Structures are given as structure tokens and as C-alpha cells.
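Structural overview for review
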Amino acid sequence: MAFAGRRDAPEPPDFGILKRLARDQLIYLLEQLPGKKDLFIEPDLMSPLDRIASVSILKQHEVDKLYKVDTRPAPSSSDQFCFLVRPRLRTMRHIADIVNADKMSGRSRKYKIIFSPQKFYACEMVLEEEGVFGDVTCDEWSFYLLPLDEDIISMELPEFFRDYFLEGDHRWINTIARALQLLNSLYGPFSRAYGIGRCAKMSYELWRDLEEESEGDGQGRTPEIGNVFLMDRDMDYVTALCSQVVYEGLVDDTFRIKCAPCPSAGSVDFGPDVTSSDKSIKVLLNAQDKVFSQIRNEHFSSVFGFLSQKSRNLQAQYDRRRGMDIKQMKNFVSQELKGLKQEHRLLSLHIGACESIMKKKTKQDFQEMIKAEHSLLEGFDIRESTSFIEEHIDRQVSPIESLRLMCLLSITENGLVPKDYRSLKTQYLQSYGPEHLLTFHNLKRMGLLTEQAAGETLTAVESRVSKLVTDRAAGKITDAFNSLAKKSNFRAISKKLGLIPRVDGEYDLKMPRDMAYVFSGAYIPLSCKIIEQVLERRGWQGLEEVVRLLNGNEFSVSDSAGEDNSAGDAQRVILAVFLGGCTFSEIAALRFLGKERGFKFIFLTTAITNSARMLEAMIEAKA
Amino acid sequence: MSRARADEEEYWHSSKFRAFTFDDEDDELSQLKESKRAVNSLRDIVDDDDDDDLERVSWSGEPVGSISWSIKETASSSNSSLEGRDSSLQKGSSSYAALPKQVSSYSLSSLFKGRNKLPSFQSLSDALSDTGVKNYAPELRRPKAEYKDYSRDWSPRDTVRRMQRGKVLIFLKRTLRREILFRELEVRQVALCHLIHFLKESGEQKMLLDLLRFLDRTEEVALSQYREHLNIQDVEKRREFLKGCIGLPFSAEDTSHIQDHYTLLERQIIIEANDRRLEAAGQSEIFQKYPRKASILNMPLVTTLFYSCFYHYTEAEGTFSSPANLKKTFKIPDKQYVLTALAARAKLRAWDDVDALFTTKNWLGYTKKKAPIGFHRVVEILQRNSAPVQVLQEYVRLVEDVETRLNLATKYKCHDVVIETYRDLKDRIQLTAYKCKVERGSADEEKINSILNNMQIRWKN
């Protein structure tokens, strides 16, 4: 078994090639429009683009000026426009407006639209309707995968969450299957695949179909990634809704929210309060940052000690230069100073970040909030937590936080008691605006915030009823059942999997014993626990009850050919795919598990998420 | 059995993790501050020739030379000349649905251009969208057959594959009569979701509503119509629109929310017009002293209540802008009302009003302080508005839980309360220890001494 004896986790594969592939394809596409051109970029493609290309590369390929796609071009600009966009109808209309405006004024230009990661027919239809289809050429830039870090790959598709889970739109599944195909061809073949969730299953099947169609050539190659685990976000909303307390999660909750509409591609905006100057800095936080890489997975309480130790060391290093002679000093300056300065800059940045986090959290009654959250997770003092939430709403503390707490209450309790639901909803609308009626409706459809139904027993008779009634009525009834099927069953699952650790005495957060440390020892993230259990059992045997409570759609497939080389390192590298987003707390928990068990997890997610981003996606905005 | 049960209970009810405290006074924070000092002290050594290995960043924080940065540069250089034009264009195009649909501007040349350049994009949506086009491509006149193919047995998986790019759906949408399309989709949930989402995204509100009506999803019809108000900027128009929403088939509960939404906006329009006039006239003291920061239009109810408690606190219930009227009209719960009024009056430092908010008289004429929220909350709100110790003290004293009371009193230096609480607890040790927290020679110290010397108290330690 893979766990026998503790082994060091294998090194992650090199994902730099993904960047190179994307860059080369982009260059190729730009070359398809020879000559000088202006480039219009979708705002949320900007920072991913920054990660793989640079202005000078674009300039080399005759890009003249760069614009955001929603700005109107200056009248005097170039003869060729190139649009680098997501396949969205609104963007299409905008482009059509530009083209039509040119036509009206008798200006002729060449237009090229590059869709990333792929084109949808609906987009072409809009171009057609607007009468510009013949004026533009279209291309696809298959930029599916952006490596954010040595073990994190993001598809940078935050809209997947709403599109799939709220609207029930399956259009991105193809994209996911293609992403899997690409990873499989570069780092596979994956010999084992596990998964749970409807979307996970569909993506898996579609990917298999793609593999069959393309006559897999990768046989006989040594894989770098042996296993893949796909999971839908709706298997576990609880974890994503909890306040994050590992450093990287806190940083995400505190600083990244500001640029929420645009995915930030792994960079953070540190404001003036952090940088202790008058400007804010955009910082890339990843394994390259020597200070960050040592504290990112730590519980926040351990971070202070670490930083102060570091700064003492740093001071000592600098102090050495006292009493140096000229030669030593020269050595010091030429060899060590640069490194020390770098470290100094990083240290002061993270100390500033910690201070800023502390300031914000103390202002928000964070202590009380965490207490309420933990009670909800453990299922006691529900009344008390409910009135805490009520007061939170009444005081207009924060619309998103209030929603978050309500959703946590709902999921952990299998829905709110009707009386509470009505009263909290009314107060919420009064505090944060009546238009949130739409938000509540969306949350209900998602199963994130529901009212306990009177007829809980309906599920049992579903099959019998649907046989008796006409098709049309059956459709409607199935709808009703669907919402019932979304019952979270959190409490039962939590008991079954032991998600609330039994601990005698104090939980030592500095020496964590299990993944619960990412939530101060109060709760083991459900998503991660499922992955742990399935890997341990190499399948779903013994987890039947959990699967039933989660509403099924699990699978476990092993490729017989891959079995023989199961001793290889690749078998200990697992691609964990989160469909609908993954939080830094989950990443930290699985990194911890990996260290314990000698696994290496590679994270593939539609986007990095957190509670705020998830809930913001549920709010209706004006068109 | 019972033992196991007890264990279980204990398991579920005991909180056994030490929560990390996000408290100011924590040791860990001082550790942090110390590290900061240490690091900062190094700054002067380090800062002399900075920038060499730092990324150069622009004023907005983006690294100079990055793509995001260059885009901002072009935007700011071209914006100035376009500002005027932009805003005028914005008006016209802000709501796409309002735009008249463009008359189809197919030209033969554009059609063939499209075909030639993109051989992959042929038959379906291109050719069949327009009857005229079929003549150019007679071989594509197979809608019926294709439709049959697609409509038979769509397994979820097939649906997914076919739906991915929306090709089939758009094809069906264009070729089938609505009723037939709707009927076919009704039994195919996934396809239905796709069409609904597509209609939402493309702003084809009319067809969306038709479809939802056909499916008998009345609540969604109502919500989807109500949603449109978000796109109406003009408040008068918005108000009119909301009025029309009241009759939509919402649930009883939601109907009352919609009604409230309408009433609220109606009131806000009245209050806004009135107050703007008052403010402009410059005769109202309160508006001069505290000029309004923003209009009250489209704000939530609680914000409106706060506003009304701030500017119109003393008005009689008969006026629309009075807090009492809002409270009555919208049936605002006591708790909500008190929290909001407290915050507003505390902000104005109107401590008498605060006092009156919590004072009740019983039938004998005695006054008593009562609050629908915990007094610790009252204290917190007062403290945030920097209430003087005398005011704060009074409410700290009313906090029921002894431990919380002591904590608050100590934190906010309400010495009297601390001293009295220790006296009541008969805790000599703590009281003696507290002596060092008060000023030497002050009345507080005297008070402590006199209590400690009081022979009548039977100290517990």
C-alpha cells in the first residue's frame, strides 16, 4: 500500500511547458494577422496574460496599442483590430458596435477575434445578428491552463461556478475535458481516476471519449502524474464557506476580494496599510517568495512567532557587518547584501500584511464569529448562533458575511426552520436592500440557503408518483424533488466521517495532527477527507453510506495497463480537480496530508475561490 | 448504553480546541509589533540604493511594463478626448434590451466572405437563419430530418456533447416554431437549462418570459420581470416599474417584500426632494453642520432609517421622514430599530437621546433601563462613537454577565464599575491588584481603599 512507511513526497512535474505552449499559440495567432495592429483584451484575461507573455513579446509581433476590450478606440488608430476575449455575448455586441461604427463612418479595417479558451456558437450568432459576421475572422486560443504555482493550475474560469451550478449550463464541460486531455498527454497517462459529482462524471466521460477519438499515442511513456481525482464543488459547500485561518487563506479573504470581478491569477493587492507607504503593490505570492512559502500553510497563530524569529535572524545577519574590515565588508556587500535585502523586503511585507489582517479582524468581532461558526459545525447552541447572525444582519456588518453565516446555518442544519428563514430573510432585505430577493432565490436554487420543507418524506414516494402522472407533471415534480435531493445531510456525513475531531485537551496548532488544523482544530474539511478516504481505500468501498448522503455520481476507474508500474513515483502524484473552485484552506489541508502520507497533490481548479467570491456570484447585477 | 450516550453528548457538546484569539492585547500581537520594529530599524541600511532588484511599479501598483499597466496607460491617454463621446454613447447602449433590433444587414458579399473564410462554420445557423439563404444552399434544407435526429433519445451525455457549443440549440431555436421548441425541450431538462441561460445572457427577455410561462414557472416569470428594475436608472421610472411588479405572481411573502420595495422608494423620493431643498436653502442647522454625503435614493431600509434618525429624529409620526413613521410603515422590529437609532444618535453624540432610548417607566413611575439587545452591544456601539466614560459606565454597569461586564469595564477603564463588581464578588485579591491600574491619589484609589478597609465585608479570599 502506498502508505506503508513514510516516504518523502515526490517533486511536482514542471508546468512551465504549459505557459510556453500557450504563449507559442498566441504568437502564432497574432502572426495570422500580419502587420501592425491594436489589441483589445478582455479585462479578466489581462492578468493571466501577464503571467505568460509580456508587452515586449506582444510588440515583437506587431501589436501597437493595448486596450481593454470595453474601451472605445481612439479615432486615429490602426488599420487592424485584434480582440482577445472570453466567449461572452456582451463582448460580442460590443465588438459589433465598434465594427458597425466604423462602417457608418466609412472606415475600413481588418478585425480578428481570438476566443479564449474556446468559441461558442452563440457568439457567432450574435455577430451574425449584428451584421458583422462577414467582417471579422475568428480563432480559438486554447489557453486552458495557467500554472499559478508549482502545484496549482487554474483554468481562470470563475464563471464556471455560476454557469454550471446555478444556471445548469454545461458549456464548460467540454473545456474541462480538453484541459484533462492536455494534462494527460503531457504528464500522463493517468492510470487511476476517481471522482464524485455529476459534473465530475460528465467531464470524465467526455475526456475519455476525446482520448478514444484521438487514438492516444502516449502509451509507453513514463507518467509523471498517476492519479486524478475529480470533485464537484457542490459536494462540499461547508468548507468553502468557513472563515479561513491559514495564512494564505486569510490573505485571500482579506486582500484579494477587492479585484473580485477579475480573477487575480495568484497576485495580491497589498494596500498602503500593508506597504507602509502611500502606494499599493501588486505582489505575486507563490513558492518563489521564500518567506511566504514557509508560512502560507500555517495557522495564523503560528505565523507571528515565525516572523519574529526571522526578523531576529535578519538583524543578527546585518549586525555582523560591525567590526568587519574592508575586505570582509566588500565580500558582504557583493555576496550577501542582496539576499538580505530581498528577505528584508519580504519580511516587512508579510509583517505589514499580518498587522493589517489583525486590524480588520479585531474590528469585525472575528473571535465571536469564529465561535459561532464552530458551534454551527458541531451542531450545538443553534439558537445562540441564529441570534448572532440576526444581530450581524441588523447591524449591517457586511452583506456577504451575513449571507455566508446564513448559508452555513442552512447547510449544517439541512435548511432553516421556516420561521427563522422568513425572519432572517426579511431583516436581510431591510438591512442590505430589497433587490436581494433575487439573491435569496438563487441561493435557494443552489441549495445553499433553504427552508426546511414540510414534507420531508416525499423522496421515498418519488418513483411511484412519477409513474402515475403524466410526463409534463412529472417534469415539474422532478424539479421539486431535485431541490429536495439537494439536502445537504451535513450532520450525518460529518458523523460518519468524523469531521469534528475528538481531542483531549488543547489542539496544538503548531504541531497539527490532522487536516483540522486549517480550521483551528475544529473541523476537517469534508472535501479533503473524502479524497483521503478514497485514496486510502483505492476506491469507494466502505463509503457507500457517505456516497448515498452526498447523492452519488461517484466513480473509480483504473487502467489495467497502469497498474503494474504502481510502484513508481507517479502513483503518488495526484491531480486533484475541483470543479467550481478550490480554497486555499483545502490546498493547505491536502498539502499537509501529502506530507504525512508521502503524496504530492497537484491542484487543478476552475478558479481559486473563497466564500466571498462564491456568494458574490449569486448576486444579480444590472446588465 | 447510557454511558456511551453520555460520551457522545460530551463529544458533541464540548469545545475542545483552543481558539486562537484575534484580540488586541494578545501576546502574539506584541510579538508582531516587535518584529516590525526590528525590521523597520533595518530600513535605513537597506533603503539607500533600493529598486535594483525590485519590480518597478507605477502609482497604481502594477509593475511597470506589464500588460495590465500598458493598457491603463493607453486608456488614460486616449480617454480624455473620448470622455464626452463615451458618455453620450453610454446612454444609448446601457441597456441592450432597449435598443431596437438591428434590421438584418446581411449582404451577399458578407455572406460569402464568411463562408469562404470559415469553412467550419457552415450549415446550421449561418444558412438556415434566413429563408433567402436557403436558396444558395439547397443541400442544407434538411431541418426536419436533423431535428428528428436530435430530438430522439437525448441521453444526458449526448445532450452535453451536443449542447456544449450551443450549436444545436441555436439551430433548433431558429428553425422551430416556439410552441414546438418549448414542448420538445420541456422533457429535456439540460437542454432547457441551456436555452433559459442563453436567453438570459442574450437579453431576449420576451422569449424567456414566454418560455417560463409555457412551463408554468410563474415564480420565475415574476422574478425575471422584477429583475429588470436593476437596469432602470431613472428613479421615477424605477418607481413606476416597481409599482407594476406588485401584481406579479410572487409568493405571498415575496409580494409583501416587493410592496415594501415600492413604498420605500416612493418615500425616499419624497424625502430626497424635501431634504435637497432644505440643504440648498441653507437654513437647516443639521444639514449645515453635517452636510449629506450621498443621496438616500435606492438605499436599503435600515440605511434610510439611520438617515431619518440622524436628520429627522424629532419629527412627529405623521411626517414621512420621521423614524416613527418608517418603523410603523415597514414593521421594523424593536431590536433593529434600537440598534439603528442608537448608532445614529451616538454618532451625533446626543447622549440624552441615547438615554431616552433605553429608559422605560413602569406603572409605579419608576424608571428602568431596558434594551432589546444585549447591553454589551450598546456599550460597543457607544464606544465606537467615542462616548465619554461617564456615559459608557452607565451601560457597562447594566451588562448582566459578570465576566463580560468586568472585561468591558477593564477595557474601557470604567473604574467605578470594576471596583464595585469586585466588591460585590467579595474578591479582595483582585480588588487589591486593581489598585495599580487607577491613578495614584485619585478618587478611585480612595474608593478602593475605603472598601478594602470596610470591616463589614466578608471577603471570600
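Residue numbers restart at each chain and count upward from 1, following the sequence in its written direction. To label them, take the chains in the order written and letter them from A, then take the ligands in the order written and number them from 1. In keeping with the predicted nature of the model, local features appear solely for residues at pLDDT of at least 70, side-chain atom pairs appear and are counted solely at 80 or more, and the whole-chain, interface and lining totals rest on all residues. Only heavy atoms go into the side-chain values, all of them from the structure, while hydrogens and water stay out.

In terms of helices and strands, chain A carries 27 helices and 14 strands. Across the 623 residues that make up chain A, the buried fraction comes to 62%. Should any heavy atoms of two residues lie within 4.5 Å, those residues are considered in contact. Across chain A, contacts joining residues at least 24 apart in sequence account for 78% of those joining residues at least 6 apart. We count a stretch as a helix when DSSP gives it H or I for four or more residues in a row; a strand needs E for two or more, and each element gets its number in order from the N terminus. Relative accessibility thresholds used throughout: buried, under 20% of the residue-type maximum; exposed, over 50%; partly exposed, between the two (1.4 Å probe, protein chains only).

All right, on to the overall build of chain B then. Each helix and strand in chain B was counted, giving 27 helices and two strands. Taking all 461 residues of chain B together, the buried fraction comes to 43%. Long-range contacts, defined as pairs at least 24 residues apart, comprise 46% of the intrachain contacts of chain B with a sequence gap of at least 6. Here, Shrake-Rupley sampling with a 1.4 Å probe gives the accessible areas, and only protein chains in the shown set may cover a residue. In the form shown here, chain B has an accessible surface area of approximately 25,800 Å², with 51% of it arising from carbon and sulfur atoms.

All names here are of chain A. On the basis of which strands lie adjacent, the open sheet formed by seven strands has the order β6-β7-β14-β13-β9-β8-β12 and mixed pairing. Unpaired on one side and paired on the other, β6 (146-147) and β12 (554-558) mark the two borders of the sheet. Paired strands, in this sense, are two strands between which DSSP finds at least two bridges. With six bridges joining them, strand β9 (residues 227-232) and strand β13 (residues 573-579) adopt parallel strand pairing. The partner of D232 across the bridge, within β13, is L579.

All names here are of chain A. Among the secondary structure elements, Q452 is positioned in the loop between α19 (437-446) and α20 (458-468). Among the residues examined, Q452 registers a relative accessible area of 29% and is labelled partly exposed. Here the alpha-carbon distance between Q452 and E384, two residues 68 residues apart in the chain, equals 19 Å. Each residue touching Q452, except ones within four places of it in the same chain, is listed here: E413, N414, G415, L416, V417 and P418. A 3.5 Å cut-off defines polar contacts: any pair of N or O atoms within that distance qualifies, except that in protein one atom must be a possible hydrogen donor and the other a possible acceptor, and neighbouring residues in sequence count only when both atoms are side-chain atoms. At 3.2 Å, the side chain of Q452 and the backbone oxygen of E413 are in polar contact.

As a further point, take the nonpolar core. In plain words, nonpolar cores are sets of buried Ala, Val, Leu, Ile, Met, Phe, Trp, Tyr and Cys residues tied together by side-chain atoms within 4.5 Å. Core analysis: the biggest nonpolar cluster contains 207 residues, and F83(A), I113(A), W141(A), Y523(A), L575(A) and F601(A) have the highest contact counts within it. With residues near it in sequence (within four places) discarded, L575(A) still touches L180(A), L183(A), F190(A), I225(A), N227(A), V228(A), F229(A), I602(A) and L604(A). Formed by 48 residues, the second largest nonpolar core is a distinct cluster that contains A344(B), F358(B), V417(B) and V418(B).

All names here are of chain A. By definition, pLDDT measures how confident the predictor is in each residue, and it falls between 0 and 100. Averaged over chain A, the pLDDT score is 83; the fraction of residues at 70 or greater is 86%. Mean pLDDT per element in chain A: α20 is the minimum at 44, and helix α9 (residues 237-241) is the maximum at 95. Counted against residues more than four places away or in other chains, residues 1-5, with its pLDDT under 50, gives eight contacts. A low-confidence stretch, residues 257-263 stays under pLDDT 50, and its non-local contacts, those more than four residues away or across chains, total 14 contacts.

Here the focus is the packing of aromatic side chains. Put simply, two rings from Phe, Tyr or Trp (the six-membered ring, in Trp's case) pair if the centres are within 6.5 Å, and we call them stacked under 30 degrees between planes, edge-to-face over 60, tilted for the rest. In this structure the tally under the stated criterion is 38 aromatic pairs over all chains. These aromatic residues form a ring-pair network of at least three members: F287(B), Y290(B), F306(B), Y307(B), F310(B) and Y311(B). Here R208(A) stacks its cationic end above the ring of W207(A), 4.8 Å away from the centre of that ring. When the ring centre of Y507(A) is taken as reference, the NZ or CZ atom of R513(A) above it lies at 5.3 Å. Comment: the charge-over-ring label is applied if NZ (Lys) or CZ (Arg) is within 6 Å of the ring centre and within 35 degrees of the ring normal.

Let us now look at the sheet that holds strand β3 (residues 80-85) of chain A. Residue and element names in this part refer to chain A. Taken together, five strands build an open sheet; the order of strands is β2-β1-β3-β4-β5 and the sheet is parallel. What marks the edges here is a single partner per strand, and that holds for β2 (63-68) and β5 (136-140). Adjacent strand axes in the sheet meet at a mean angle of 20° when their direction is disregarded. Two elements, β3 and strand β4 (residues 110-115), share six bridges in a ladder whose sense is parallel. Of the residues in β4, the one forming a bridge with L84 is I114. A fitted line through C-alpha atoms represents every axis, and for helices the fit uses only the stretch in contact; the resulting angles, taken between N-to-C directions, go from 0 to 180 degrees. Along the sheet, helix α4 (residues 89-104) contacts β3, β4 and β5; its crossing angle with β3, the most-contacted strand, is approximately 170°.

All names here are of chain A. The element β4 is largely enclosed, with a buried count of five among its six residues. In this fold, β3 hands off to α4, which returns the chain to β4; that crossover is right-handed. Note: β4 against β5, five bridges, orientation parallel. Bridging from a neighbouring strand, Y111 pairs with V136 of β5. Orient the strands so they point away from the viewer; a crossover is then right-handed if the path from the first strand over the helix to the second runs clockwise. Following the chain from β4 across helix α5 (residues 121-129) to the adjacent parallel β5, one finds a crossover that is right-handed.

Residues and elements named next belong to chain A. It is the contact of helix α7 (residues 173-187) with helix α8 (residues 198-213), at a shortest axis distance of 8 Å, that shows an interaxial angle of 55°. Judged by the inter-axis angle, α7 sits oblique to α8. Our pair here, α7 against α8, has a crossing hand that is right-handed. Packed against α7, whose contacting residues are I173, N174, I176, A177, R178, L180, Q181 and N184, the element α8 presents C199, M202, S203, L206, W207, L210 and E211 at the interface. Residues are grouped as follows: nonpolar covers Ala, Val, Leu, Ile, Met, Phe, Trp, Tyr, Cys and Pro; charged covers Asp, Glu, Lys and Arg; every other residue, Gly included, is treated as polar. Here the contact of α7 with α8 is built from residues that sort into nine nonpolar, four polar and two charged. The cut-offs work like this: below 35 degrees is roughly parallel, past 145 is roughly antiparallel, 65 to 115 is roughly perpendicular, and the gaps in between are oblique. Left-handed describes a crossing whose near helix is turned anticlockwise from the far helix by less than a right angle; the clockwise case is right-handed.

With that settled, the discussion passes to helix α25 (residues 415-425) of chain B. Residue and element names in this part refer to chain B. Those residues of α25 that fall on the buried side of the exposure criterion are H415, V417, V418, I419, E420, T421 and Y422. On the buried face of α25, the contacting elements are α23 (389-396), α24 (402-411), α26 (428-434) and α27 (443-452). Remark: K426 follows α25 within two positions and exhibits a positive phi of approximately 55°.

A side chain with one charge may pair with a side chain of the opposite charge, provided their charged atoms come close. All names here are of chain B. The term salt bridge refers to a side-chain nitrogen of Lys or Arg lying within 4 Å of a carboxyl oxygen of Asp or Glu. Scanning all chains against the criterion turns up 60 salt bridges over all chains. Residue R213 pairs with D210 through a salt bridge whose shortest N-O separation is 3.5 Å. Note that R213 and D210 are positioned in helix α13 (residues 205-214) at a spacing of three residues, about one turn of the helix. Judged by its relative accessible area of 43%, R213 falls in the partly exposed class.

Taken together, the side chains of W363(B), L364(B) and Y366(B) define a hydrophobic patch exposed on the protein surface, amounting to about 470 Å² of accessible area. The exposed category is assigned to W363(B), whose relative accessible area is 78%. Residues with no salt bridge and a relative accessible area higher than 30% make up the patches, which join like charges within 9 Å and nonpolar side chains (Val, Leu, Ile, Met, Phe, Trp, Tyr) within 5 Å.

A separate point is the packing of helix α18 (residues 301-311) of chain B against helix α20 (residues 334-347) of chain B. Two measures define how a pair of helices packs: the angle their axes make with one another and the distance between the axes. All names here are of chain B. Running from N to C, α18 and α20 point in directions that differ by 45°, and their axes come no closer than 8 Å. Classified by the angle between their axes, α18 and α20 sit oblique to one another. In the packing of α18 onto α20, the handedness of the crossing is right-handed. Seen from α18, the contacting residues are V302, L305, F306, C309 and F310; seen from α20, they are Q336, Y337, T340, A341, A343, A344, R345 and K347. Considering only residue class, the contact of α18 with α20 consists of nine nonpolar, two polar and two charged.

Turning to the side chain of S78(A), a few remarks are in order. Residue and element names in this part refer to chain A. On the secondary structure map, S78 appears in the loop between β2 and β3. Reaching out from S78, the side chain makes a polar contact with the backbone oxygen of Q80 at a distance of 2.9 Å. Apart from residues no more than four positions distant in its own chain, S78 is found in contact with K36, K37, D38, R107 and R109.

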